[in-house]
Amino acid sequence: MRKTAIKQSGKIPAQPGPREVASVKPGVPADAESVIPGAGPSTHPGERPTVRLRDAGPDDAPRYAPEWLELREGPDAAARAGDLIDPLRIRLANLPGKAGLVIHDLGCGTGSMGRWLAPRLDGPQHWILHDRDPYLLHFAAVASPRSAADGSRVTVETRRGDVGLLTPDALAGASLVTASALLDVLTREEIETLATACTGAGCPALLTLSVAGRVELTPSDPLDDEIADAFNAHQRRGGLLGPDAVTVACEAFSERGATVRLHPSAWRLGPAESALTAQWLRGWVGAAVEERPELKEPAERYLRDRLEACRAGELKVVVHHSDLLALCRPTGGAS
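This one's a predicted model, so the numbers in the text were calculated from it and none came from an experiment. (Residues numbered from 1 in each chain as written. Predicted model: local features only at pLDDT ≥ 70, side-chain atom pairs only at ≥ 80, totals over all residues. Heavy atoms only, no water.)

J.: Explain the pairing of strand β4 (residues 176-180) residue by residue, including any values.
T.: Most of β4 sits inside the fold, with 5 of its 5 residues counted as buried. Where burial is concerned, the two faces of β4 agree: the one with Leu176, Thr178 and Ser180 and the one with Val177 and Ala179 are both buried. Examined bridge by bridge, strand β1 (residues 101-106) and β4 share 4 bridges and lie parallel to one another. Within β4, the position partnered with Leu106 by the bridge is Ala179. (Buried < 20%, exposed > 50% of the residue type's maximum accessible area, 1.4 Å probe, protein only. Helix = DSSP H or I, 4+ residues; strand = E, 2+ residues; numbered from the N terminus. Pairing = 2+ DSSP bridges.)

J.: Give a description of helix α9 (residues 296-311) that names residues and reports values.
T.: Along its 16 residues, α9 runs 22 Å from first to last C-alpha, staying within 8% of the 22 Å computed at 1.5 Å per residue. Among the residues of α9, those classed as buried are Ala299, Tyr302, Leu303, Arg306, Leu307, Ala309 and Cys310. Projected onto a plane normal to the axis of α9, the buried residues spread over an arc of 155° and lie on a single side. After α9 finishes, the residue Gly313 shows a positive phi value of roughly 75°. (Expected span 1.5 Å × (residues − 1). Arc of directions from axis to C-beta.)

J.: Requested: an account of the nonpolar core, with residues and values cited.
T.: Ranked by internal contacts, the top residues of the largest apolar core, which has 34 residues, are Leu217, Ile227, Trp267, Trp280, Leu281, Trp284 and Val285. Counting only elements with at least two residues in this core, the list comes to α1 (66-79), β5 (205-218), α6 (224-235), β7 (267-269), α8 (274-291), α9 and β8 (316-327). If you tally residues by element for this core, the top one is α8, at 10 residues. Look past the residues within four positions of Val285 in its chain and what remains in contact with it is Ile227, Ala299, Tyr302 and Leu303. Grouped together as the second largest cluster of nonpolar side chains are 32 residues, Leu166, Leu171, Leu182 and Val246 included. (Core = buried A, V, L, I, M, F, W, Y, C linked by side-chain atoms within 4.5 Å. Contact = heavy atoms within 4.5 Å.)

J.: Just give me the short version of helix α4 (residues 134-142), but keep the residues and values in it.
T.: Three or four residues apart is the spacing at which side chains of an α-helix point the same way, because the helix has 3.6 residues per turn. Burial in α4 covers these residues: Leu136, Leu137, Phe139 and Ala140. One side of α4 carries all its buried residues, which in axial view fall inside an arc of 160°. Looking at the buried side of α4, the elements it contacts are α1, β2 (125-130) and β3 (154-159). The N-terminus of α4 is capped by Asp133, whose side-chain oxygen sits 2.9 Å from the backbone nitrogen of Tyr135. (Polar contact = N/O pair within 3.5 Å; in protein donor to acceptor, adjacent residues only side chain to side chain.)

J.: Requested: an account of the confidence of the model for the protein, with residues and values cited.
T.: Looking at the protein as a whole, its pLDDT mean stands at 82, while 78% of the residues score no less than 70. A low-confidence stretch, residues 42-62 (pLDDT under 50), is modelled with 47 contacts involving residues beyond four sequence positions or located in other chains. (pLDDT = per-residue confidence, 0-100.)

Listed below in structure tokens is the structure:
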């Protein structure tokens, strides 16, 4: 399972949300044979098991179910690095123009980044939500936050486009670029394109929940490390960076004059997150076996035992991620 390049859906009071179509209830593991679309490796050879970064044909079916994204919402929100918010606020306060913030959310999915971040920032905000899936963009629009931390208005618009061809001109007037679980599904060239666009536009970037390649399971099992190594190799298929992405992104932004801050943002999954843990396990092990077919037989035993422990409330999982804040040099004379 690769981390998705879209963010997870959720439900906020008095607003419609993805639970309208969800069939998996939080806290209840799905059937052992099922993997929610987006939680596991693609079934089509050569296809990225993530949100595509380029427009697809009109008949191309969505790859990510709101059910999977919804399961992620709470743990993602708990994991994101709140310590990066204060330096971000300081930089945003010094950007030119006082009419409000314009925030581009790349690979927005159903908009959970906005639901998490908008209430933490002051002042009017206009969010431009980018994703290739119009179904998910619909949820992002209807379940978007309505007010900022100080009660100012928050508005949104949605766009479909090619994130891989992002340019400084496309970010003209932007105050901030955000993304969640995006970097690890990019190539080196795509990360350099992203860094060039952000630094060229002089806007900071808050890029959260990139996989770090480390997982801790309690109780441990002798196969843990082998599964993890195979999964990490799967993450790097097709030139994608997987767990190397954060290092590459730090270098790319730093080489272009940005100040980069990193902070850990681990998922910490226990009995209350058993539904997510079960889906994550199936995708994690499935990707490992897809990468190394010789693991199939021991992995079947491993997955069965892990799912049983999950159902019994006896399994704890820490999935390590990193959050990156790139404070690009502002344009327009701001300090």
